[in-house]
Amino acid sequence: MSRVTELDRRYVASAALARHGVDLITVHDALAARFDAVTRRLFHLIQRDGLGVWDDLAGAAKSLRWRLATDPLPIEYNEALTLGVQQVVRQVTRLRGAVDEPELLSEMTDAAAALLTRDPLIGGILVDSVHEVGVDAAVVVAASSRSREALSAWLTPGGIRVLTLGDLERAEIPEEIAYFVGPPRFFKPTAVTAPRTSEVTFIVPTWFGDRSIPRSAIADYAEGGIRVSARLVEAGEPAPEATEQTVDSPDIIPEEELLPQPFWGARQSENRAPTADELEARKVLLSGGRAIWLDDEGERIRALDPTQPAGERVVYANVSKLSPGTYLLLREGVAERQALHARAFDRTSNRAAAIRESQDQWKSVLSERLRARGIRESEQALRAVGVHAAGQVRSWSSPHVIRPQSDRDFELLLGWLDLPIQPFFGNASVLRHEVHRATRELRDRLEAAADVADLHELERIGHMALDIEDPGFRGMFVTRVMGVSPFTELVARHEARVPFEDRGAQWLE
Amino acid sequence: LGARLSRKTESFSGQQLIVAISVPSREFAAVLVGSGWTLGRPPAQTTTDPLTVLRTASIGGHYRAVNAAYVISGQFQGLDESHGSPRITLAGRWSIDRFVAIAPIAEQDPAERMPRPAIGSIGRMTGIARDWEQRLVAPAADLAIVGTKSWINQDLEAVLARDDDADGDAIETLLLPKTDRSATWFTRIYSSSGFADQLPLPDDLSLVILDGQGAIKYLNDILVPIVVCIFDRSVADETAAEQVVQLRNSRGEPVSLRDQLGWSAPAGVEAFAFTVAL
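What you are looking at is a predicted structure, and each value in this text was computed from that prediction instead of being measured.

Peer 1: What is the right way to look at the interface of chain A and chain B in this model?
Peer 2: Reports often express the size of an interface as the amount of accessible area lost when the parts come together. Opposite the 43 residues of chain A that make contact, chain B presents 50 residues. Taking both sides of the interface into account, the surface hidden between chain A and chain B amounts to around 3,900 Å²; carbon and sulfur atoms contribute 53%. The three residues of chain A that bury the most area against chain B are Arg3(A), Tyr221(A) and Glu223(A), which together make up 19% of that side's buried surface. At the surface where chain A touches chain B, the tally comes to 3 salt bridges. Its salt-bridge partner being Asp155(B), residue Arg3(A) comes within 2.5 Å of it at the nearest N-O pair. The interface formed by chain A and chain B holds 20 residue pairs in polar contact (both at pLDDT 80 or more) in total. Sort the elements by how many residues they give to the side of chain A that touches chain B and helix H1 (residues 3-20) of chain A lands first, with 7 residues. When the residues that make up the side of chain A that touches chain B are grouped by side-chain class, the tally is 17 nonpolar, 15 polar and 11 charged.

Peer 1: Looking at this structure, I do not really get the pairing of strand E10 (residues 314-318) of chain A. What am I missing?
Peer 2: Taken residue by residue, a regular strand's side chains alternate between the two faces of the sheet. Residues and elements named next belong to chain A. For E10, a buried count of 5 out of 5 residues is recorded, marking the element as mostly surrounded by other parts of the structure. Because side chains alternate across E10, one face comprises the buried residues Val314, Tyr316 and Asn318, and the other comprises Val315 and Ala317, equally buried. Where strand E9 (residues 300-304) and E10 come together, 5 bridges link them in antiparallel fashion. Opposite Ala303, over in E10, you have Val315 as the bridge partner.

Peer 1: What am I meant to see in the confidence of the model for chain B here?
Peer 2: Low pLDDT marks stretches whose predicted atomic positions should not be read closely. The predicted model of chain B averages 88 in pLDDT, with 100% of residues at 70 or higher. Scoring of the predicted complex yields 0.84 for pTM and 0.85 for ipTM.

Peer 1: Mind showing me how you'd approach helix H11 (residues 336-347) of chain A here?
Peer 2: Within an α-helix, residues lying three or four positions from one another point in the same direction, as the helix has 3.6 residues per turn. Residue and element names in this part refer to chain A. Between its first and last C-alpha atoms H11 spans 17 Å; for 12 residues at 1.5 Å apiece the expected length is 16 Å, and the two agree. Residues of H11 that are buried: Glu336, Arg337, Ala339, Leu340, His341, Arg343, Ala344 and Phe345. Elements that come into contact with the buried residues of H11 comprise strand E8 (290-295), E9, strand E11 (327-331), helix H12 (352-373), helix H16 (424-452) and strand E13 (476-492).

Peer 1: Honestly, the sheet that holds strand E12 (residues 207-211) of chain B in this entry has me stumped. Any pointers?
Peer 2: Where strands meet in a sheet, backbone hydrogen bonds hold them as pairs that are either parallel or antiparallel. All names here are of chain B. A sheet is described by the order of its strands in space; here 7 strands give the open sequence E11-E8-E12-E13-E1-E15-E14, paired in mixed fashion. Two strands bound the open sheet, and with one partner strand each, they are strand E11 (187-191) and strand E14 (253-255). Shown here is a sheet whose adjacent strand axes are inclined to one another by a mean of 20 degrees, direction ignored. Here strand E1 (residues 15-23) pairs with strand E15 (residues 270-277) via 8 bridges, running antiparallel. Looking across to E15, one finds that Ala20 is bridged to Phe272.

Cut-offs used in this document
Residues numbered from 1 in each chain as written. Chains lettered and ligands numbered in written order. Predicted model: local features only at pLDDT ≥ 70, side-chain atom pairs only at ≥ 80, totals over all residues. Heavy atoms only, no water. Contact = heavy atoms within 4.5 Å. Buried area = accessible area lost by both parts, 1.4 Å probe. Salt bridge = Lys/Arg side-chain N within 4 Å of Asp/Glu carboxyl O. Polar contact = N/O pair within 3.5 Å; in protein donor to acceptor, adjacent residues only side chain to side chain. Helix = DSSP H or I, 4+ residues; strand = E, 2+ residues; numbered from the N terminus. Nonpolar A, V, L, I, M, F, W, Y, C, P; charged D, E, K, R; others polar. Buried < 20%, exposed > 50% of the residue type's maximum accessible area, 1.4 Å probe, protein only. Pairing = 2+ DSSP bridges. pLDDT = per-residue confidence, 0-100. Expected span 1.5 Å × (residues − 1). Axes fitted to C-alpha atoms, helices over the stretch in contact; angles between N-to-C directions.

Dropping the structure here:
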């Protein structure tokens, strides 16, 4: 198919979905509904008592509940479901004796074990629906690459194609209808705002509380904003009236809380301003059981975009907008900017000492001024003398930020500090030039390493080491962001952006 | 959209106009908006008559000239009127009679000579064929596109034509990107990867098109009068969209595309616009 024809199909599919909406098949399965009900009871208890001892059982239950929606395979193929049930049973066993809720714990085990007594109903309805339109006209979309592998082991022999949303984007899609296995919110808005097929259907368990259809982030403000509506179709066993839930009921636990999430705990740090050796940083959980403390000094962090073509994959992510799914490029044992600055200083050879001294000098005058006048007042004063990026004044005092981006801002800043333009301006500019050079070299190495790396493997596993020979750039690896903490902690400067081990992501899909 | 924006550069003085559009897939969107812009922007209004320009030309200044076969760019090193037909030294020796247009330029071009780009169907339709030589030596050259460079380069190969015209124009001709082989150019193209190291942008730009979420992240670093952000909805990254919406809601003054720019989004396209103080 030519590019233009293919592109035309995308516009047509997008307009068709905006006009006709999507189908939502809600499937009632009494066994799955029973497990959902006991999970909700557990969360009522947690709402009352706090997480504490319940952490791991809550994690295991959420994870199993997720799989009920995304992995509706027959039991004999369904490793994810079997493992999920085992984990719940194991966590219940650990809690027996520790908590005084015998009835809830028994129901948890019984409901979980019952799931393995009959094939999930969603699977059967999925297969029937696909056969109704014909296996050549329908494609099945799985919520994760793990689900895709499981579903395709089951469905591909029958001629049914199974992809993830990411695959759907890359492949040629002659099919006319896509069946998404799971609720709309398990998929990115792309599923409905940039569809590859002119019809889209989601297959959702009746008990799943959130049936909202995602929309593009700009839809609310846009002329021609795309809002996709949904038609409900019921399937499965007849749902008993009594268990029918209404979303308005105050007892209902929001779906948000029932989805697998990282465990963040509460802020440990004191509520005070950071000292000169500290900064405010968020914990970022990474694939591979690791984490970093990420500060917002210096607005960007290096990332890898596997969807880009060779030579353009190494990019930056905005620190303040970092979101799960981004691949960060990190280095064992050290923050990348420290390594780059060290390399840049090496390059300036006989001027290194003078540059270091002049940088220290204007930054310490700035820190002193900030301490004396306060950040807010300093910002206002700088704005008044015409400094554009005055809001970044605090980061300019950090050793990680070489100088203000704009020449004019830097000159005005030095003037405001009662310092002469030179040698500060010249020295900082030389250092910036060398850091840019070191950065370009690193980028070239990384691009070359990414070019030979197996990026599909990266997407499947979530992290991988990059092989770079140069001793100055050793130990680089790429890893997917699993979650970003909603709050900051005070951490030592030298710890920021240096990877460490962390198990906070263990219950995440 | 690009053509409409090209007539609006003066309307929002002291302000930055930001237009955000979302498309099902980024392909061709940026280069089409860009082509509308370059077609709509008039060339610099200077005289380009060769003899008039050259008689007041200063030796050592940079000039761009066009004859039937080439665009030539380089340092002017002298005019010799001692022969029947005057000759000029400008990246080689040329007979002035063959020159159609010549104009001074602010900075040196990457190459001294390139084959003269030919304009066809779209040039006739839009009328730019009439002042094509003037455009070649003194283009507005105030457009930049930031995005995935190899994808943009693929988009440039597409050919536009009116109805059944046999002489369609490659988008590359309409945008005339600056490359190592350019002796003249209309558009700068930057790769979003590594773009951070190229900031700040030259200040002679009037429009920057940020093609895709990877480029839109740099919105706050771009201080030109007009910015078009093209969101590729097939890319799952929502953070760039949130960033633009946040800017609109915190500092922006909404602008109606339909009423103020006379443009309405075609099916499958979402769009909004706003201004912020520069």
